[in-house]
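# Summary of the model geometry
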Amino acid sequence: SLIFKDIKQRLAGFFIYEARHNGIMDGQRTIIKLDLTTTQLAAIVGASRQTVSTIVGAMLKDGVLEKPHRNLYLIPNIDLFRNYAQI
């Protein structure tokens with residue numbers, strides 16, 4: 001299903017998939033541990049490293065994604081994150 005989406009949607013879809021299958025719920029938040037470099041993540045979603053870095057940076061700035069440690073991501077509200085990806 002990733003093929004028909006833009007890069008922001010593909011990246012968000014990847015995070016949502018990981019949240020569902022490998023995430024840990026902590027109240028409203030979902031904790032995701034990814035042992036991937038930005039380059040590897042970019043390869044998975046079919047984008048350049050710089051594009052993925054820019055989109056993740058925007059997600060962090062907008063507060064729909066948090067990155068407290070290397071390879072650890074938090075989604076404070078999965079519904080808000082899902083809606084953010086559609087904009």
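So, a few notes on the structure that sits alongside this text. Everything numeric in this text was worked out from a predicted model, so none of it was measured. (Residues numbered from 1 in each chain as written. Predicted model: local features only at pLDDT ≥ 70, side-chain atom pairs only at ≥ 80, totals over all residues. Heavy atoms only, no water.)

Inspection of every chain in the model, using the stated rule, returns 3 salt bridges. As a salt-bridge pair, Lys 33 and Asp 35 come within 2.9 Å of each other at their nearest N and O atoms. The salt bridge partner of Arg 82 is Asp 79, with a shortest N-O separation of 3.0 Å. In this pair, Arg 82 and Asp 79 both sit in helix 4 (residues 78-86), 3 residues apart, roughly one turn of the helix. For Arg 82, a relative accessible area of 29% corresponds to the partly exposed category. A relative accessible area of 47% places Asp 79 in the partly exposed class. (Salt bridge = Lys/Arg side-chain N within 4 Å of Asp/Glu carboxyl O. Helix = DSSP H or I, 4+ residues; strand = E, 2+ residues; numbered from the N terminus. Buried < 20%, exposed > 50% of the residue type's maximum accessible area, 1.4 Å probe, protein only.)

This next bit is on helix 1 (residues 7-22). Between its first and last C-alpha, helix 1 extends 22 Å over 16 residues, near the 22 Å set by a 1.5 Å rise per residue. Where helix 1 is concerned, the buried positions are Lys 8, Arg 10, Leu 11, Ala 12, Phe 14, Phe 15, Ile 16, Glu 18 and Ala 19. Tucked into the core, helix 1 has its buried residues touching strand 2 (29-33), helix 2 (38-45), helix 3 (49-62), strand 4 (72-75) and helix 4. (Expected span 1.5 Å × (residues − 1). Contact = heavy atoms within 4.5 Å.)

What follows covers the sheet that holds strand 3 (residues 66-69). With antiparallel pairing, the 4 strands of this open sheet are ordered in space as 1-2-4-3. The sheet terminates laterally at strand 1 (24-26) and strand 3, the two strands that pair on one side only. Neighbour to neighbour, the strand axes of the sheet diverge by 30 degrees on average, direction disregarded. Pairing analysis gives 2 bridges linking strand 3 to strand 4, with the strands arranged antiparallel. Residue His 69 lies in a different strand from strand 4, and its bridge partner there is Leu 72. (Pairing = 2+ DSSP bridges. Axes fitted to C-alpha atoms, helices over the stretch in contact; angles between N-to-C directions.)

Moving on to the side chain of Glu 18. Tracing the backbone shows Glu 18 in helix 1. We note that Glu 18 is buried and unpaired, the nearest opposite charge coming from Lys 33 at a distance of 11 Å. When sequence neighbours within four positions are dropped, the list of residues in contact with Glu 18 reads Gly 23, Ile 32 and Leu 34. (Lys, Arg positive; Asp, Glu negative; His and termini not counted.)

Now for the layout of surface pockets. A probe matching the size of a water molecule, rolled over the atoms, marks out where space remains unfilled. For the largest pocket, the calculated volume is near 180 Å³. If you trace the largest pocket, you find it lined by Leu 34, Leu 36, Thr 37, Thr 38, Leu 41, Val 52, Ser 53, Val 56, Lys 67, Arg 70, Asn 71 and Tyr 73. Among the secondary structure elements, those contributing two or more residues to the lining of the largest pocket are helix 2 and helix 3. Counting residues per element, the lining of the largest pocket draws most heavily on helix 3, at 3 residues. A breakdown of the residues in the lining of the largest pocket according to their chemical character gives 6 nonpolar, 4 polar and 2 charged. (1 Å grid on protein atoms, 1.4 Å probe; cavity = no way out; pocket = protein on both sides within 12 Å on 5 of 7 lines; lining within 4 Å. Points joined across faces, edges and corners; volume = space filled by probe spheres on them. Nonpolar A, V, L, I, M, F, W, Y, C, P; charged D, E, K, R; others polar.)

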